[in-house]
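Residues per chain are reported as follows:
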Amino acid sequence: MAIKQKRVTTKKTATVELTKSASGNSGGSGIEPAKGKLGVMIPGMGAVATTFVAGVEAIRKGLAKPIGSLTQMGTIRLGKRTEGRSPKVKEFVPLAGLNDLVFTGWDIFEDNMYEAASKAGVLDRYLLDEIKPFLSSIKPRKAVFDHNYVKRIDGPNVKKGKNKMDLAEQLRDDIRQFKKSSGASRLVTVWCASTETFIEPSAAHQSIKAFENGLAKNDENIAPSMIYAYASLMEGVPFANGAPNLTVDIPAMLELSKQNEAPICGKDFKTGQTLMKTVLAPAFKARLLGLSGWYSTNILGNRDGEVLDDPGSFKTKEESKLGVLEHILQPAIYPELYGNIFHKVRINYYPPRGDNKEGWDNIDIFGWLGYPMQIKVDFLCRDSILAAPIVLDLVLFLDLAKRSAELRGLGIQEWMSFYFKSPMTAPGLYPEHDLFIQSMKLKNTLRHLKGEELITHLGLEYYD
Ligand SMILES: NC(=O)c1ccc[n+]([C@@H]2O[C@H](COP(=O)([O-])OP(=O)(O)OC[C@H]3O[C@@H](n4cnc5c(N)ncnc54)[C@H](O)[C@@H]3O)[C@@H](O)[C@H]2O)c1
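Throughout this description, residue numbers start from 1 for each chain and increase along the sequence as written. Confidence filtering applies because this is a predicted model: local features only for residues at pLDDT of at least 70, side-chain atom pairs given and counted only at 80 or more, and all residues used for totals across whole chains, interfaces and linings. To get the side-chain values, take all heavy atoms of the structure and skip hydrogens and water.

One open sheet holds the seven strands; their spatial order is β3-β2-β1-β4-β5-β6-β11, and the pairing between them is mixed. The sheet is open, and its two borders are formed by β3 (141–142) and β11 (420–422), each paired with just one other strand. Between any two strands, pairing holds if DSSP finds at least two bridges. Numbering of helices and strands runs from the N terminus; a helix is a DSSP stretch of H or I covering at least four residues, while a strand is a stretch of E covering at least two. Alignment of strand β6 (residues 264–269) against β11, held across two bridges, turns out to be antiparallel. The residue bridging Phe269 from the neighbouring strand is Phe420, located in β11.

Listed below in structure tokens is the structure:
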């Protein structure tokens, strides 16, 4: 019944966003409790995946803090500013606890998580050694991989199958086997593998039937990431995509996600430069400052940087990074301010920096009477340190969505746009890229789920 209600409300998204929650819907009762273990399955056991898993274990052991994670450190204001109610997010909605997480992964290399984390070079050796037995126990399953989709790497730990459907079946076996061996009551998949070459939606992506035909016929428009996603959704397991690959952003996956009540969300973790872009651009728009150019360049020396040195993989990333400004600045509505923007994004593979990316932005803006100004941003960031808490939040929120009677049948979880460079939306809707709109949307969704009033920031009642 709750699902039916929601289908009606989705059509009225704008109203729901602006008004107070009238439904008082599930009041929390439509959310099943987070009982038992939650299995986290990760295609791609590289820098991001190992930093995430090692981090969870370090936090469990009291060696570090979950900085950057909204689910762990964030609070949510409830009711009026005068009420002083701001519980932690994890105390407000029923999320799995860190101690309940169990992990598995797939990779084309045979390194266990300790070896992979050591090679990634993100975390200090002393920290890795404290948790070595745990990390060493997580060994990669054989991957579904095809060099044609990721040109810069190749590895030995790869499944063989008579066609793509056969490979999907093997992944489904892996999933069932992991569920059994780990004793997990629920599962979530997060793609942390390399960025695949650019693929456009094609006939094989248009329906579940066309997709399954394509799997059987080895259609070249079906990339390995799609085979993982298909296997996951077929098993009723939610799927998040950390890379900009097309993967679940096709009608077949949306259909499957709804049909099997396995939530999906956006693409490409929003971590460094794009995080900054989606903070600064809304500020320009709010103050009606014009923009004539935005030149973004990065130097990055990890394996991700190497993969992105390939033009096909870079194109996938470029599309994801370029999209944000247009949606935030709305040049069609503000042609004098944003109708003529030169926006360029470069990523340069530069091995000495490893995972410590440097992202430079040169931003040409103009103000009153058209006078030009410049802003320079130089973000010396750590890519995987920024991505790991996002993986954790996605795991916990996707599991929440799966346990929510109201959310699990919706397919796309737009309220999780906060975490992505390319949020997914219902067909025909433009995505919200502004970080603060995304944050409000996420928190209001949590309030709504629990039957709390939505926060509109109107506040006139304080002056009555
Ligand atoms: N770190 C960030 O800030 C950030 C932000 C946005 C997106 N991403 C994306 O997250 C992904 C992971 O980044 P990373 O730095 O960990 O990269 P990485 O190269 O360290 O790890 C990726 C791993 O995936 C493996 N792999 C490739 N194809 C596979 C397949 N088909 N099946 C199983 N394993 C496969 C590779 O062998 C590698 O070990 C990349 O796609 C990257 O673009 C990262």
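Anyway, onward from the coordinates.
Here we take up the packing of helix α3 (residues 47–60) against helix α17 (residues 383–403). Two quantities define a packed helix pair, namely the angle between the axes and the distance from one axis to the other. Here an axis means a line fitted to C-alpha atoms, over the contact stretch when the element is a helix, while the angle between two N-to-C directions is reported on a 0 to 180 degree scale. Their axes nearest at 8 Å, the elements α3 and α17 cross at an angle of 70°. Comparing the axis directions of α3 and α17 gives the class roughly perpendicular. The hand of the α3/α17 crossing is right-handed. Residues Ala47, Val48, Thr51, Phe52 and Val56 of α3 pack against Ser384, Ile385, Ala387, Ala388, Val391, Leu392 and Val395 of α17. In the scheme used here, Gly and all other residues not listed as nonpolar or charged are polar, with Ala, Val, Leu, Ile, Met, Phe, Trp, Tyr, Cys and Pro taken as nonpolar and Asp, Glu, Lys and Arg as charged. Grouping the amino acids of the contact of α3 with α17 by side-chain chemistry returns 10 nonpolar, two polar and no charged. Every angle not falling under 35 degrees, over 145, or within 65 to 115 is termed oblique; those three ranges are roughly parallel, roughly antiparallel and roughly perpendicular. What makes a crossing left-handed is the near helix being turned counterclockwise from the far one by less than a right angle; a clockwise turn instead makes it right-handed. Here, two residues are considered to be in contact whenever any of their heavy atoms come within 4.5 Å of each other.

Turning our attention to the nonpolar core. In this text, buried Ala, Val, Leu, Ile, Met, Phe, Trp, Tyr and Cys residues form a nonpolar core when linked through side-chain atoms within 4.5 Å. Burial status follows relative accessibility: with a 1.4 Å probe on protein chains alone, a residue under 20% of its type maximum counts as buried, one over 50% as exposed, and anything between as partly exposed. Among the nonpolar cores identified, the biggest contains 63 residues, and Phe52, Leu101, Val395, Phe397 and Leu446 are the most heavily contacted of them. In terms of residue count, the dominant contributor to this core is α17 (12 residues). When sequence neighbours within four positions are dropped, the list of residues in contact with Phe52 reads Val40, Ile42, Phe103, Ala388, Val391, Leu392 and Val395. Residues Met165, Ala168, Ala243 and Met424 belong to the second largest nonpolar core, which totals 48 residues.

Whether a residue is near a molecule or strand is decided by its heavy atoms; if any one of them lies within 4 Å of it, the residue is near. Taken together, 32 residues sit near the ligand, with Val48, Asp107, Val144, Ala193 and Arg303 positioned nearest. Polar contacts, as counted here, are pairs of nitrogen or oxygen atoms within 3.5 Å of one another; within protein the pair requires one atom able to donate a hydrogen and one able to accept it, and residues that are adjacent in sequence qualify only if both atoms are side-chain atoms. At a separation of 2.8 Å, an oxygen atom of the ligand approaches a polar side-chain atom of Arg303. Considering the ligand on its own, with 840 Å² of exposed area, one finds that the protein chains cover 98% of that surface. In terms of residue count, the dominant contributor to the shell around the ligand is α17 (three residues). For the shell around the ligand, the residue count by class is 17 nonpolar, eight polar and seven charged. Residue exposure ignores everything except the shown protein chains as possible cover, and the areas themselves are Shrake-Rupley values with a 1.4 Å probe.

From the geometry alone we can't say anything about function, so treat these as descriptive.
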